Amino acid sequence: FSLVSIDPAEGGYKGGELVMLVGSGFHDDMEVFFGQAKAPGLFVVDENFLTVLTPFNFPGWVDVSVVGGEGQKAVLEQAFFYFAALNVGLVSPDAGATQGGTPMVVEGEGFEPGCKLFIGNRMALFVSVVDSFVMEAVTPPGSCGLADVRVVCGQEKATLKDAFSYVGVPEILKAEPSVGWAAGG
């Protein structure tokens, strides 16, 4: 038997999504694996098509393999990509100066290179996606008060409401008396 393709070739890491495998020689005594995880819900449409539900797996690329009853195996290497659903869960620190410039770490899920980070309605500076769970950036200037933290990756958006607080820097407007002894007192 053979394994030629999989459609779709990506899905959420929680699994449970229906995919179609295309090949030849498929029969009911087969098992399908995504990486090391066995796929449930195998249904052989005919000898060239079968469907399965994706199992849970960690985000990233995995091999897809079909194992026959006699130990035969067909493999599509790095054929399925598990992604994490976009989510913003934690912002650290959660406050910074209104003039911006505060280094910050955003934790969540589904981050990928090219994602944009906004604090309030302003794009964060020097955004770096460390991995699919962590982003680093520098805050842009903002107005005093609470601001939403929003991550945009392609068409997906995730927001953590009121997650960052802009605080004003104290400003000395007047000192009394305006003169005094150099030694103090």
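Scroll up to find the structure this text is about.
Residues numbered from 1 in each chain as written. Predicted model: local features only at pLDDT ≥ 70, side-chain atom pairs only at ≥ 80, totals over all residues. Heavy atoms only, no water.

*Asks:* Go over the sheet that holds strand S12 (residues 103–109), please, and point to the residues and values.
*Replies:* One open sheet holds the 4 strands; their spatial order is S10-S12-S16-S15, and the pairing between them is antiparallel. The outermost strands of the open sheet, each flanked by one partner alone, are strand S10 (87–92) and strand S15 (125–131). Recorded for the sheet is a direction-independent mean angle of 25 degrees between the axes of neighbouring strands. As paired elements, S10 and S12 share 5 bridges and run antiparallel to each other. Looking across to S12, one finds that Ser92 is bridged to Val105. (Pairing = 2+ DSSP bridges. Helix = DSSP H or I, 4+ residues; strand = E, 2+ residues; numbered from the N terminus. Axes fitted to C-alpha atoms, helices over the stretch in contact; angles between N-to-C directions.)

*Asks:* Go over the nonpolar core, please, and point to the residues and values.
*Replies:* General note: in soluble globular proteins, nonpolar side chains tend to be found buried as a group. Formed by 22 residues in total, the largest nonpolar core has its most connected members in Leu3, Ile6, Leu21, Val32, Phe34, Val64 and Phe80. Those elements that place two or more of their residues in this core are strand S1 (2–7), strand S3 (18–24), strand S4 (31–34), strand S7 (49–53), strand S8 (60–67) and strand S9 (73–83). In terms of residue count, the dominant contributor to this core is S9 (5 residues). Those residues in contact with Phe80 that sit more than four places away from it in its chain are Ile6, Pro8, Ala9, Glu10, Gly11, Val19, Phe34, Thr54, Gly60, Trp61, Val62 and Val64. Grouped together as the second largest cluster of nonpolar side chains are 20 residues, Ala147, Val151, Ala163 and Tyr166 included. (Core = buried A, V, L, I, M, F, W, Y, C linked by side-chain atoms within 4.5 Å. Buried < 20%, exposed > 50% of the residue type's maximum accessible area, 1.4 Å probe, protein only. Contact = heavy atoms within 4.5 Å.)

*Asks:* Explain the sheet that holds S1 residue by residue, including any values.
*Replies:* Pairing is antiparallel in the open sheet, where 4 strands are placed in the order S1-S3-S7-S6. In the strand order of this sheet, the two ends are held by S1 and strand S6 (43–46), each with one partner. Averaged over all pairs of adjacent strands, the angle between strand axes in this sheet comes to 25 degrees, irrespective of strand direction. In terms of strand pairing, S6 meets S7 through 3 bridges, oriented antiparallel. In the strand pairing of S7, Asp46 is matched with Phe49.

*Asks:* Describe the packing of aromatic side chains, with residues and values.
*Replies:* On inspection of all chains with the given rule, the structure shows 7 aromatic pairs. Pairing Phe34 with Phe80 gives two aromatic rings, centres 5.2 Å apart and planes at 85 degrees, and the pair type is edge-to-face. Placement of the pair is Phe34 in strand S4 and Phe80 in strand S9, with a sequence separation of 46 residues. Each of the two residues, Phe34 as well as Phe80, counts as buried. Their ring planes at 70 degrees and their centres at 6.4 Å tell us that Phe34 and Tyr82 sit as a pair that is edge-to-face. Here Tyr82 lies in strand S9 and Phe34 lies in strand S4, a separation of 48 residues in the sequence. Here Phe34 matches Tyr82 in class, with each residue buried. Through a chain of ring-to-ring contacts, the aromatic side chains of Tyr13, Phe56 and Phe58 assemble into a single cluster. Between Arg150 and the ring centre of Phe118, over which it is positioned, the NZ or CZ distance is 4.5 Å. (Phe/Tyr/Trp six-rings, centres within 6.5 Å; stacked < 30°, edge-to-face > 60°. Lys NZ or Arg CZ within 6 Å of the ring centre and 35° of its normal.)

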